[in-house]
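# An overview of the molecular structure
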Amino acid sequence: GFVVSDYTSVRELINHGIAANEEQAASLALNAGVDMEMSLPGPVASAYATSLTKLVQEGRVTKVQIDEAVKRILEAKFKLGLFDNPYVDESRVAAIHNNPEHRRLARLAAQRSTVLLRNEGNLLPLVKSDPKVSSVAIIGPLADSKRDMRGSWSFADDVNSAVTILDGIRAKVGSSVKVEYAPGVDIARVFQSPFVIIQGARPAAWTESQKRAEFEKAVSLARTSDVIVMVLGEHEEMSGEAASKSTIDLPGQQLELLKAISALGKPVVLVLINGRPLDISWAASNISAILEAWHPGAEGGNAIADILYGDAIPGGKLPVTWPRSAGQIPIYYAHNITQEPESKKTFTSRYWDIPSSPLYPFGHGLSYTTFSFSNLRMSKAEVKVGESTEVLVDVENTGRRVGDEVAQLYIHQRYGSASRPVRELKGFERITLGPGQKRTVRFTLGKPELTYWSAAAKAWIQEPAVFDVWAGTDSTAPLTTTFRVVR
């Protein structure tokens, strides 16, 4: 392969105080092994384009270095077939974007990445034929936003072909359920995205009188509906590059609207559209069902409707630790042990106003059924450095529905030349089980899993030690055993 810089990053060596000018920046980059400097058409020329000729003439860069960089780039292009077929047929773009097989896979991906965070009283899945759910109110500023189905840095797509959550639910229930929609509140942009030219501008923010009218309209609609699906979160450009925030609150009046509708006493499902964890502490205690959809893509609306109505199985797990508030950030499950471990009775919270635990742990995600983990055992309780042992655990569907579970394996090295994280994910497997079905899941722990980078030794090392092992549904799994590694 070859090495390519990010856009303008070679020139930015000047901004960082590493290089005095473009020539030095280009020299440093090429001598460090950067084969290609990324550049876009426009007024800013690349440092390579303006400086390499002079650098070669002055002997600060050799022709051999240029030839080697070019060779690596051309070799990659040959392997990609760009010299056999250098041009694409742009007329095929629309057909490829909407290829039925691509759409099917997009729908499946959205289904499997959706995380069911909460489902008190088994509110979900909804049933189309249930006479108690003959009318559904879809409320929220993101419920009918095609653009927000995609995520940050999604430019070369057909936005109009995206299926919103409102679209998906209407297609799912047909005429059997009355579906009405109200945005309720507006999420105004409080910053100028650097990519707004590519993304296109959003509609103007609402006036104060419009805000009051739309808020009351949404509450009124919820009052006359059997079930309310609230679709809240953040616009696509509010997370990702150049979109940091000082808080993780729901922007605008979304929480106020959620509280007002919850106060009606109707069943409420909260669907989150977002690219980062948000502060949903109030919702986690007051809203029966919460579904994390992220930015689910072009088929996101159909996928979420599939989940809400039980035609797809929720089984996604959180790939991050979900904080209670911004004050806990950074928060992650694989932290090192402190001098007062949380397992000790004398442990005092890092905060006096909230628990130190996250709102939802890494790996968390529910299903429409329940699972139990049992009979955790090792094929060998003692192995030598470099050898492997197998971990086995039985997973059983203890509910009445087919469900997906992700069996997760965590370990902790009790002692060694460096303090090791309290838990580290070392294996996972998503399985589908019918009611009452049991399956044994197997994981291997060997040198690849038990080796870590030692900053002191400046090398990958494996040490003799006692290891704790856990298996379960998330990073707080209680089912545990141990094994030993010896010389």
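Keep in mind it's a predicted model, so treat the numbers as computed, not measured.

For the rest of this paragraph, the subject is the overall build of the protein chain. Helix and strand content of the protein chain: 13 helices and 16 strands. Overall, the protein chain is about 80 × 65 × 50 Å in size when its C-alpha atoms are taken along their principal axes. Across the protein chain, the fraction of contacts at a sequence separation of at least 24, relative to all contacts at a separation of at least 6, is 74%. If you sum the accessible surface of the protein chain, you get close to 24800 Å²; carbon and sulfur atoms cover 54% of it. Side-chain charges in the protein chain split into 54 positive and 54 negative, and the spacing between the mean points of these groups amounts to 5 Å.

Here the focus is the sheet that holds strand E9 (residues 389–397). Paired through their backbone hydrogen bonds, the strands of a sheet run either parallel or antiparallel. Taken in spatial order, the three strands of this open sheet run E7-E9-E12, and their pairing is antiparallel. The open sheet has two edge strands, strand E7 (371–378) and strand E12 (438–445), and neither has a second partner. Strand-to-strand, the axes of this sheet are offset by a mean angle of 20 degrees, without reference to chain direction. The sheet contact formed by E9 and E12 spans eight bridges and is antiparallel. Bridged to Val391 within E12 is Phe443.

The next point concerns the packing of aromatic side chains. As enumerated under the stated definition, the model contains seven aromatic pairs in all. Geometrically, the ring pair formed by Trp322 and Tyr360 is edge-to-face, given 6.4 Å between the ring centres and 80 degrees between the ring planes. In this pair, Trp322 is assigned in the loop between helix H12 (300–308) and E7 and Tyr360 in the loop between H12 and E7, connecting sequence segments 38 residues apart. The class of Tyr360 is buried, set by a relative accessible area of 8%. Taking the centre distance of 5.7 Å and the plane angle of 70 degrees together, the rings of Trp453 and Trp460 count as edge-to-face. Given the relative accessible area of 47%, Trp453 is considered partly exposed. Each residue in the set Trp294, Trp322 and Tyr360 is aromatic and connected to the rest through ring pairs, giving one cluster. Residue placement shows Arg420 over the ring face of Tyr452; its charged tip is 3.8 Å from the ring centre. Stacked on the ring of Trp470, the Lys or Arg Arg423 has its end atom at 3.9 Å from the ring centre.

Below, the discussion takes up the pairing of strand E16 (residues 480–486). Bridging between strand E8 (residues 382–384) and E16 involves three bridges; their strand directions are parallel. Across the sheet, the residue bridging to Glu382 is Arg484, located in E16. Examined bridge by bridge, strand E15 (residues 465–472) and E16 share six bridges and lie antiparallel to one another. Paired with Val469 across the two strands is Thr481, which belongs to E16.

Ranked by size, the top nonpolar core spans 35 residues in total, and within it Ile138, Ile169, Val229, Val231, Val271 and Leu308 carry the most contacts. Mapped onto this core, the elements with two or more residues apiece are strand E2 (135–139), helix H7 (165–173), strand E4 (227–233), strand E5 (268–273), strand E6 (289–292) and H12. Counting 32 residues, the second largest nonpolar core, distinct from the first, contains Ala182, Leu257, Val268 and Trp294.

As summarised here, the arrangement of the six strands in space is E1-E6-E5-E4-E2-E3, forming an open sheet in which the pairing is mixed. Only two strands of the sheet have a single neighbouring strand rather than two, namely strand E1 (115–119) and strand E3 (178–182). Put simply, the sheet's adjacent strands are angled 15 degrees from each other on average, direction ignored. Across five bridges, E2 lies against E3 in parallel orientation.

With that settled, consider the packing of helix H6 (residues 100–113) against H12. Where H6 contacts H12, the axes come no closer than 8 Å and their chain directions differ by 50 degrees. Between H6 and H12, the angle falls in the class oblique. Viewed along their axes, H6 and H12 form a crossing whose handedness is right-handed. Contacts between H6 and H12 involve Arg107, Ala110 and Gln111 from the former and Gly300, Asn302, Ala303, Asp306 and Ile307 from the latter.

This paragraph deals with the side chain of Gln111. By secondary structure assignment, the location of Gln111 is in helix H6. Residue classification places Gln111 among the buried positions, given a relative accessible area of 14%. Side-chain polar atoms of Gln111 contact the side chain of Asp306, separated by 2.7 Å. Excluding residues within four positions of it along the chain, Gln111 makes contact with Ala303, Asp306, Ile307 and Ala312.

Turning next to unusual backbone geometry. Residue Leu124 is joined to Pro125 through a cis peptide bond whose omega torsion reads 0 degrees. The residue Pro125 is located in the loop between E1 and E2 in this model. Positive phi outside glycine occurs at Lys458, with the angle close to 55 degrees. You can see Lys458 is positioned in the loop between strand E13 (452–454) and strand E14 (459–461).

Before going further, it helps to examine H6. Here H6 is 14 residues long and its end C-alpha atoms lie 20 Å apart, about the 20 Å a rise of 1.5 Å per residue gives. Those residues of H6 not exposed but buried are Arg103, Ala110 and Gln111. Each buried residue of H6 lies within a common arc of 100 degrees when the element is viewed along its axis, so the set occupies one face. Considering only its buried residues, H6 is in contact with helix H5 (93–97) and H12.

Moving on to the pattern of salt bridges. Applying the stated criterion across every chain, the model contains 27 salt bridges. Note that Asp311 is salt-bridged to Lys172, the shortest N-O span being 2.8 Å. Here the residue Asp311 occupies a position in the loop between H12 and E7, and Lys172 occupies one in helix H7, the gap between them amounting to 139 residues. The partner of Asp468 in a salt bridge is Arg414, with the nearest N and O atoms 2.8 Å apart. Of this pair, Asp468 sits in strand E15 while Arg414 sits in the loop between strand E10 (403–413) and strand E11 (424–433); the two residues are 54 residues apart in sequence, bridging distant segments of the chain. Three or more residues are tied together by salt bridges with common partners; here these are Glu23, Lys54, Glu58 and Arg60.

What counts as what
- Residues numbered from 1 in each chain as written.
- Predicted model: local features only at pLDDT ≥ 70, side-chain atom pairs only at ≥ 80, totals over all residues.
- Heavy atoms only, no water.
- Helix = DSSP H or I, 4+ residues; strand = E, 2+ residues; numbered from the N terminus.
- Contact = heavy atoms within 4.5 Å.
- Areas by Shrake-Rupley, 256 points an atom, 1.4 Å probe, with all protein chains shown as cover.
- Lys, Arg positive; Asp, Glu negative; His and termini not counted.
- Charge placed at Lys NZ, Arg CZ, Asp CG, Glu CD.
- Pairing = 2+ DSSP bridges.
- Axes fitted to C-alpha atoms, helices over the stretch in contact; angles between N-to-C directions.
- Phe/Tyr/Trp six-rings, centres within 6.5 Å; stacked < 30°, edge-to-face > 60°.
- Buried < 20%, exposed > 50% of the residue type's maximum accessible area, 1.4 Å probe, protein only.
- Lys NZ or Arg CZ within 6 Å of the ring centre and 35° of its normal.
- Core = buried A, V, L, I, M, F, W, Y, C linked by side-chain atoms within 4.5 Å.
- Parallel < 35°, antiparallel > 145°, perpendicular 65-115°, else oblique.
- Left-handed = near helix turned anticlockwise from the far one by under 90°.
- Polar contact = N/O pair within 3.5 Å; in protein donor to acceptor, adjacent residues only side chain to side chain.
- Expected span 1.5 Å × (residues − 1).
- Arc of directions from axis to C-beta.
- Salt bridge = Lys/Arg side-chain N within 4 Å of Asp/Glu carboxyl O.

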